[in-house]
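# Reading the structure
Here are the chains, one letter per residue:
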Amino acid sequence: MAATTARPSVVPKKDLESFQEHLNKSTRILALLGAGLSASSGLPTFRGAGGLWRTHDATSLATPEAFGRDPGLVWQFYSYRRHMALGVKPNPAHYALAELARKKNFLTLSQNVDGLSPRARHPADKLKLLHGSLFDVKCSDFFCDYLEKNNYTDPIVPTLAIPTDESDPTTNSALAARELDISDENVAIPELDYDHLPKCPKCKRGLLRPGVVWFNERLPSDVLEDVDTWMDEDDIDLIMVIGTSAKVYPAAGYVDIARRKGARVAVINMDKGDAPASGLYSRDWFFEGDAAQIVPELLKSVIGETNTEELSDAAQ
Ligand SMILES: *[C@@H]1O[C@H](CO)[C@@H](O)[C@H](O)[C@H]1NC(C)=O
Ligand SMILES: [Zn+2]
């Protein structure tokens, strides 16, 4: 997986020192997390080239219209993504950020839906999931407000178990490899109707749906309000932009607002080309490499060593 096979990421000593000097005296800190942080845990993303699930373009399944048309198909896609996410672990950066949230006035905005920050026990009130979570389920009925957070049951209902090729007498590891092939066209997708899909325990009528923000949907207003309230409270000393290019709104906007409120920007990214839209200023930092290695190193002056062997995974 990416985190173990990547070459070691070396943080230049001078940059580390100037960052930590600033971090230590920072009182209000913001972080923006994106897919690159999940990639450090070995989780593939469904965006960009190869964003296929079997024969389907992943983006075409992530809409309320697709769910209305064929909820069985959409649920199988999300059940698969839940399964994939549960197959990887939070990495040292997730744990380090969770620890920083216990030590400082530190708010994290995440664009990731994979549940890895909640599983690293990031304090829930300091973690704002802009795009929701694969592990939140809510009622799809407009008039029902049922919402369950952090449901890690896999599969969520038995009918959503991932089909495997039973005619293939090979070992479990071969089956696992087969499941990992996101563009596999050879496994038939069963047709699942209302009776086979998870139903709302509150209204007993609506289908449950994944608690993620789909295309054509608004970001959750309560989350946005919490973020705005925190941003408005006072100046901001530092914003860390981790595993995201922050080129898309609202993420890009948060970098700009933080800057206007005095924040210095630290970007942690595999790709040197992935600076925020507004560019980098002379007092900013760019740390190139694997977030799972770099983030714990950067935060060490406040949180100490991150020993993930001793830390627990809320999904287990
Ligand atoms: C998760 O949701 C499913 C479907 O509603 C439910 O059957 C299951 O008990 C839930 N899991 C937990 C741990 O609450
Ligand atoms: Zn309901």
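Right, let's walk through the structure included here. Just so we're clear, the structure is a prediction, and the values are computed from it rather than from any experiment.

## Side note on helix α7 (residues 92–103)
- Under the 1.5 Å per step criterion, the end-to-end length of α7 is 17 Å for 12 residues, consistent within 8% with the ideal 16 Å.
- For α7, the complete set of buried residues consists of Ala93, His94, Tyr95, Ala96, Leu97, Ala98, Leu100 and Ala101.
- Buried residues along α7 sit in contact with β1 (28–33), α3 (35–39), β4 (105–110), α8 (116–119), β9 (238–242) and α12 (291–303).
- The backbone nitrogen of alanine 93 lies 2.8 Å from a side-chain oxygen of the residue at the head of α7, namely asparagine 91.

## Focus on helix α10 (residues 221–233)
- Its 13 residues give α10 an end-to-end C-alpha distance of 18 Å, which sits within 8% of 18 Å, the value for a rise of 1.5 Å per residue.
- Listing the buried residues of α10 in full gives Val223, Val227, Trp230 and Met231. The arc enclosing the buried residues of α10, seen along the axis, measures out at 100°, which places them on a common side. Turned more than 90 degrees away from the buried face of α10 sit Glu225, Asp232 and Glu233, all of them exposed.
- Taken together, the buried residues of α10 touch β1, β4, β5 (127–129) and α11 (251–260).

## With respect to a negative patch on the surface
- A contiguous patch of negative charge, built from Asp70, Glu191, Asp193 and Asp195, is present on the exposed surface.
- Structurally, aspartate 195 can be placed in the loop between α9 (172–180) and β8 (208–212).

## Some points on the packing of aromatic side chains
- Under the counting rule described, the total for this entry stands at 7 aromatic pairs.
- Plain terms: the ring middles of phenylalanine 67 and tryptophan 214 are 5.5 Å apart, the flat faces sit at 35° to each other, and that makes the pair tilted. In this pair, phenylalanine 67 is assigned in helix α5 (residues 64–69) and tryptophan 214 in the loop between β8 and α10, connecting sequence segments 147 residues apart.
- The class for phenylalanine 67 is buried, based on a relative accessible area of 7%.
- Residue class for tryptophan 214 comes out buried when judged on its relative accessible area of 3%.
- Grouped by ring-pair contacts, the aromatic residues Phe67, Phe77, Tyr78 and Trp214 constitute a single cluster.

## A look at the coordination of the zinc ion (ligand 2)
- Here the zinc ion (ligand 2) is held by Cys139 (SG), Cys144 (SG), Cys200 (SG) and Cys203 (SG), and the distances to it run 2.3 to 2.4 Å.
- Seen from the zinc ion (ligand 2), its 4 donor atoms lie at angles of 106 to 118°, and the figure they make is tetrahedral.
- As a motif over one chain, the donors of the zinc ion (ligand 2) read C-x4-C-x55-C-x2-C. Remark: cysteine 200 occurs in the loop between α9 and β8 and cysteine 139 occurs in strand β6 (residues 132–139); sequence separation between them is 61 residues.

## Re the packing of α10 against α11
- Look at α10 against α11: their axes get within 11 Å of each other, and the N-to-C directions meet at 15°. With respect to each other, α10 and α11 are oriented roughly parallel. For the crossing formed where α10 meets α11, the hand is right-handed. Judged by residue contacts, Leu224, Val227, Asp228 and Met231 of α10 engage Tyr254, Ile257 and Ala258 from α11.

## What to know about the site of ligand 1
- Around ligand 1 lies a shell formed by Glu148, Asn151, Thr153, Ile156 and Leu208.
- For ligand 1, an oxygen atom lies 3.1 Å from a polar atom in the side chain of glutamate 148.
- At a separation of 2.8 Å, a nitrogen atom of ligand 1 approaches a polar side-chain atom of threonine 153.
- Starting from 360 Å² of accessible surface for ligand 1 in isolation, the protein chains cover 52%.

## Describing the sheet that holds β8
- Pairing is antiparallel in the open sheet, where 3 strands are placed in the order β7-β6-β8. Whereas interior strands pair on both sides, the edge strands pair on one side only; in this sheet they are β7 (147–148) and β8.
- The pairing of β6 with β8 spans 5 bridges and is classified as antiparallel. Bridging across to β8, glycine 132 finds its partner in valine 212.

## Looking at the side chain of aspartate 141
- Its place among the elements puts aspartate 141 in the loop between β6 and β7.
- A polar atom in the side chain of aspartate 141 sits 2.8 Å from the backbone nitrogen of phenylalanine 143.
- A distance of 2.7 Å separates polar atoms of two side chains, one belonging to aspartate 141 and the other to arginine 205.
- Discounting chain neighbours no more than four positions away, the residues touching aspartate 141 are Arg205 and Gly206.

What counts as what
Residues numbered from 1 in each chain as written. Chains lettered and ligands numbered in written order. Predicted model: local features only at pLDDT ≥ 70, side-chain atom pairs only at ≥ 80, totals over all residues. Heavy atoms only, no water. Helix = DSSP H or I, 4+ residues; strand = E, 2+ residues; numbered from the N terminus. Expected span 1.5 Å × (residues − 1). Buried < 20%, exposed > 50% of the residue type's maximum accessible area, 1.4 Å probe, protein only. Contact = heavy atoms within 4.5 Å. Polar contact = N/O pair within 3.5 Å; in protein donor to acceptor, adjacent residues only side chain to side chain. Arc of directions from axis to C-beta. Patch = residues over 30% accessible without salt bridge, like charges linked within 9 Å, V, L, I, M, F, W, Y side chains within 5 Å. Areas by Shrake-Rupley, 256 points an atom, 1.4 Å probe, with all protein chains shown as cover. Salt bridge = Lys/Arg side-chain N within 4 Å of Asp/Glu carboxyl O. Lys, Arg positive; Asp, Glu negative; His and termini not counted. Charge placed at Lys NZ, Arg CZ, Asp CG, Glu CD. Phe/Tyr/Trp six-rings, centres within 6.5 Å; stacked < 30°, edge-to-face > 60°. Donors = N, O, S within 2.8 Å, 3.2 Å for Na, K, Ca; no water. Tetrahedral: all angles 85-135°; square planar, octahedral: opposite > 155°, others 65-115°. Axes fitted to C-alpha atoms, helices over the stretch in contact; angles between N-to-C directions. Parallel < 35°, antiparallel > 145°, perpendicular 65-115°, else oblique. Left-handed = near helix turned anticlockwise from the far one by under 90°. Near = heavy atom within 4 Å. Pairing = 2+ DSSP bridges.

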